[in-house]
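Listed below are the residues making up each chain.
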Amino acid sequence: MAAMDKQKKTQFQKDDIVTVTIEDISSDGDGIGKADGFTLFIKDAVMGDTVTAKLMKIKKGYGYAKLLDIVKPSPFRTAPRCELARKCGGCQIQELDYDRQLEFKEKKVHDVLVRLGGFPEEVVARASHPIVGMEDPYRFRNKQQLPVGEKDGKPVAGFYASHTHCIVPVSDCMVGAEENQRITATILDWMKRYEIPAYSEETGEGLVRHILIRSGVYSREIMVCLVVNGTQLPHEEELVEELAVLPDMTSISLNTNTAKTNVIMGKKVRTLWGKDTIEDSLHVSNVEYRGGKACFEEAHRQVTFQLSPLSFYQVNPKQAERLYSIVRYDAKLTGKEVVWDLYCGVGTIGCFLAADAKEVYGVEVIPDAIRDARKNAEENHINNVTFHVGKAEEVVPEYVEKRVKAENRRSRKGLVDVVVVDPPRKGCDEKCLQTILEVEPKRIVYVSCDPATMARDCKVLADGGYELASVQPVDQFSHSVHVETVVLMSRVSNEPRTDRA
Ligand code: SAH
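The structure reproduced in this document is the subject of the present report. (Residues numbered from 1 in each chain as written. Predicted model: local features only at pLDDT ≥ 70, side-chain atom pairs only at ≥ 80, totals over all residues. Heavy atoms only, no water.)

1. Examining the overall build of the protein chain
- Of regular secondary structure, the protein chain possesses 11 helices and 23 strands.
- In terms of C-alpha radius of gyration, the protein chain reaches 25 Å, essentially the compact-globule figure of 23 Å for 501 residues.
- Its C-alpha atoms give the protein chain principal-axis dimensions of roughly 70 × 65 × 40 Å.
- Counting every position in the protein chain, which comprises 501 residues, the buried fraction comes to 54%.
- Pairs at least 24 residues apart make up 66% of the contacts formed inside the protein chain by residues separated by at least 6 positions.
- Accessible surface, the protein chain as shown: approximately 23500 Å² in total, 49% of it carbon and sulfur.
- Between the averaged position of the 68 positive side-chain charges in the protein chain and that of its 75 negative side-chain charges there is a distance of 4 Å. (Helix = DSSP H or I, 4+ residues; strand = E, 2+ residues; numbered from the N terminus. Rg over C-alpha atoms; globule rule 2.2 N^0.38 Å. Buried < 20%, exposed > 50% of the residue type's maximum accessible area, 1.4 Å probe, protein only. Contact = heavy atoms within 4.5 Å. Areas by Shrake-Rupley, 256 points an atom, 1.4 Å probe, with all protein chains shown as cover. Lys, Arg positive; Asp, Glu negative; His and termini not counted. Charge placed at Lys NZ, Arg CZ, Asp CG, Glu CD.)

2. Description of the pairing of strand β20 (residues 418-421)
- Neither face of β20 is exposed, since V418 and V420 on one face and V419 and V421 on the opposite face are all buried.
- Sheet topology note: the strand β17 (residues 338-342)/β20 ladder contains 4 bridges and is parallel. Across the sheet, residue L342 finds its bridge partner in β20, namely V421.
- Taken together, the 4 bridges between β20 and strand β21 (residues 443-448) define a ladder with parallel strand orientation. Opposite V419, over in β21, you have I444 as the bridge partner.
- Once you follow β20 into helix α10 (residues 430-439) and on to β21, the crossover reads as right-handed. (Pairing = 2+ DSSP bridges. Right-handed = clockwise from strand over helix to strand, strands pointing away.)

3. Here we look at the packing of aromatic side chains
- Inspection of the entire model under this criterion finds 10 aromatic pairs.
- Summarising the aromatic geometry, the rings of F41 and Y62 are spaced 5.8 Å apart at their centres and angled 80° between planes, so their arrangement reads as edge-to-face. Of this pair, F41 sits in strand β3 (residues 38-42) while Y62 is found in strand β5 (residues 62-72), placing the two residues 21 residues apart along the sequence.
- Owing to a relative accessible area of 29%, Y62 belongs among the partly exposed residues under this scheme.
- Seen in terms of ring centroids, F41 and Y64 are 5.5 Å apart; in terms of plane orientation they differ by 35°. Their pairing is tilted. Of this pair, F41 sits in strand β3 while Y64 sits in strand β5, placing them 23 residues apart in sequence.
- Counting every residue linked through ring pairs, the aromatic cluster contains F41, Y62 and Y64. (Phe/Tyr/Trp six-rings, centres within 6.5 Å; stacked < 30°, edge-to-face > 60°.)

4. Structural notes on the packing of helix α9 (residues 392-406) against α10
- In contact at an axis separation of 8 Å, α9 and α10 are set at 30° when each is read in the N-to-C sense. The angle between α9 and α10 falls in the class roughly parallel. Here α9 and α10 pass one another in a crossing that is left-handed. Side by side, α9 and α10 meet where A392, E393, V396, P397 and V400 of the first sit next to K431, C432, T435 and V439 of the second.
- Of the residues in the contact of α9 with α10, the class split is 6 nonpolar, 1 polar and 2 charged. (Axes fitted to C-alpha atoms, helices over the stretch in contact; angles between N-to-C directions. Parallel < 35°, antiparallel > 145°, perpendicular 65-115°, else oblique. Left-handed = near helix turned anticlockwise from the far one by under 90°. Nonpolar A, V, L, I, M, F, W, Y, C, P; charged D, E, K, R; others polar.)

5. Concerning the pattern of salt bridges
- Taken as a whole and assessed by the stated rule, the structure comprises 28 salt bridges.
- For R412, the salt bridge identified is with E401, shortest N-O distance 2.2 Å. Taken as a pair, R412 in the loop between α9 and β20 and E401 in helix α9 lie far apart in primary sequence, 11 residues in all.
- Of the charged contacts, one joins R425 and D450 as a salt bridge, the two residues approaching to 4.0 Å between their closest N and O atoms. Of this pair, R425 sits in the loop between β20 and α10 while D450 sits in the loop between β21 and α11 (451-463), and the two are 25 residues apart along the sequence.
- Residue D450 is classed as buried on the basis of its relative accessible area of 18%. (Salt bridge = Lys/Arg side-chain N within 4 Å of Asp/Glu carboxyl O.)

6. With respect to the site of the ligand
- Near the ligand you find 17 residues, and of these Y324, Y343, E364, A392 and D422 are the closest.
- The separation between an oxygen atom of the ligand and a polar side-chain atom of E364 is 2.7 Å.
- A distance of 3.3 Å separates a nitrogen atom of the ligand from a polar atom in the backbone of V365.
- Burial of the ligand by the protein amounts to 86% of the accessible area it has alone, namely 570 Å². (Near = heavy atom within 4 Å. Polar contact = N/O pair within 3.5 Å; in protein donor to acceptor, adjacent residues only side chain to side chain.)

7. A word on the sheet that holds strand β11 (residues 249-256)
- Taken in spatial order, the 7 strands line up as β8-β7-β6-β9-β10-β11-β12 in an open sheet, and their pairing is mixed. Each end of this open sheet is capped by a strand with a single partner; those strands are β8 (167-169) and β12 (268-274). Looking at each pair of strands side by side, their axes are set apart by 35° on average, direction ignored.
- Strand direction decides the pairing type here: strand β9 (residues 208-215) and strand β10 (residues 222-228), joined by 7 bridges, are antiparallel. When the bridges of β10 are listed, S215 appears paired with I222.

8. Regarding the environment of V148
- With respect to the helices and strands, the residue V148 is situated in strand β6 (residues 143-151).
- Along the primary structure V148 and L226 are separated by 78 residues, whereas in three dimensions their C-alpha atoms are 10.0 Å apart.
- Ignoring sequence-local partners within four residues, the contact set of V148 consists of V156, A157, I167, M191, A198, Y199, V208, R209, H210 and I211.

9. Section: the side chain of S448
- Relative to the helices and strands, S448 is located in strand β21.
- A distance of 3.0 Å separates the side chain of S448 from the backbone nitrogen of D450, its partner in a polar contact.
- When near neighbours in sequence (up to four residues on either side) are disregarded, S448 contacts M454, V483, E484 and T485.

10. Considerations on the sheet that holds strand β18 (residues 359-364)
- Spatial ordering of the open sheet is given by β19-β18-β17-β20-β21-β23-β22, a layout of 7 strands whose pairing is mixed. Sheet topology places β19 (385-389) and β22 (466-474) at the edges, where each strand pairs with a single neighbour. Along the sheet, successive strands turn relative to each other by an average axial angle of 15°, direction set aside.
- As judged from the 6 bridges shared by β21 and strand β23 (residues 484-491), these two strands associate in the antiparallel manner. From the neighbouring strand, V445 faces β23, where its bridge partner is L488.
- On the sheet, helix α8 (residues 367-379) packs against β18 and β19 and is oriented at approximately 170° with respect to β19.

Here you go:
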């Protein structure tokens, strides 16, 4: 076997041209296929395509090849709506039919739970629900941050080409709002007319760095914030005059970022026109599973948010409210429960659950997010939620100790009924998981943006006495390889699990 592998490795050389049938998609969205048993990653090739490709890079056991020709197109291949689909780094799998994208994401979640989570196939299959896809996988983003630069002496705005800092000018991004085109064109025209220089990442000189556009999906309010390398804007009045007359314009502001950094926004915002914030809301729906599929009833409540240019907010609110409604369904609250909302961001999940819980306790590491979370709770008249700043793995164990002492408890068990975690891609800290296991909540709802770390963490929870009760993938970013998942882990016993493969 080793000898055979060796042979495969040396069989090809750079610049060789091969014919490959694409069988899978990589975590970067590349097509994956085999030439004589040698695995190749080919950008822009779609699952089911037979393509010719030129070998560009050969590594140990695999290589990268450049797509030359599609010999036989995949039945799942579809014409991308965006002419820049291949150039821009945003949408990696736009040429794959949307239903097939969804299938791929579902399989990805299933496979990691088996491979990394160690759950038997039948357990995963029993717990899994069909992915919640979007009705329309275009025009869903409520926020766009366009880098501004210069090309041939003219200002341009667009996106960075994948893995680079070269701007690909984009006039109409198909996953963004339609009105962004007019706003961007107005700003670029104004820059041209008054010779306002774009910022250069290389020299650190120039003025305009980014255009941020945010729109309220329900409120229809629009916010524009220009990120500039300075505090003053020449011809500010002229810009404001031209932007303010655009339909639904609600807030125009200036953000100062003078640091030589990749971070887009600086800390200071000055409103130039209109309101400081725009409003939007997320709607709470009851969920019913029919034939295993999540169905969302008409919303019966909403949580409203005031968004500044610096606020964190979900970029696909229609899918986010479905995701949160599933969290609420899995939490199975009756009004008596103590709930932890760990990695709570601006408190969205806590605010979603509060009306059905006795008490919610949110933890988040970013102080500004906690400030927003408190404001959000207050503005929505939610008073059974408290928010705490710090790392979940530090704050939660301290909190548990304090409560045990203060209440003179004999055990940590029963301090909390339901725990929701929504960690960043690296998943939960081991200490955080151990503390959750020690307090033995009835249910743990794991919200994930990275299936691999979720599977790893669910394995720890399963070893600690929880069973995989429900797996619900949700598509929040069509045309990308990302997938969100809500997993419900229910407490079974104190015994080590026996159902493992
Ligand atoms: N639940 C929120 C945000 C989830 S994103 C929502 O639905 O909108 C993950 C959040 O975890 C981020 O806000 C990030 O700042 C926070 N975070 C990252 N590491 C953390 C840690 N160790 N402890 C607590 N919060 C953390």
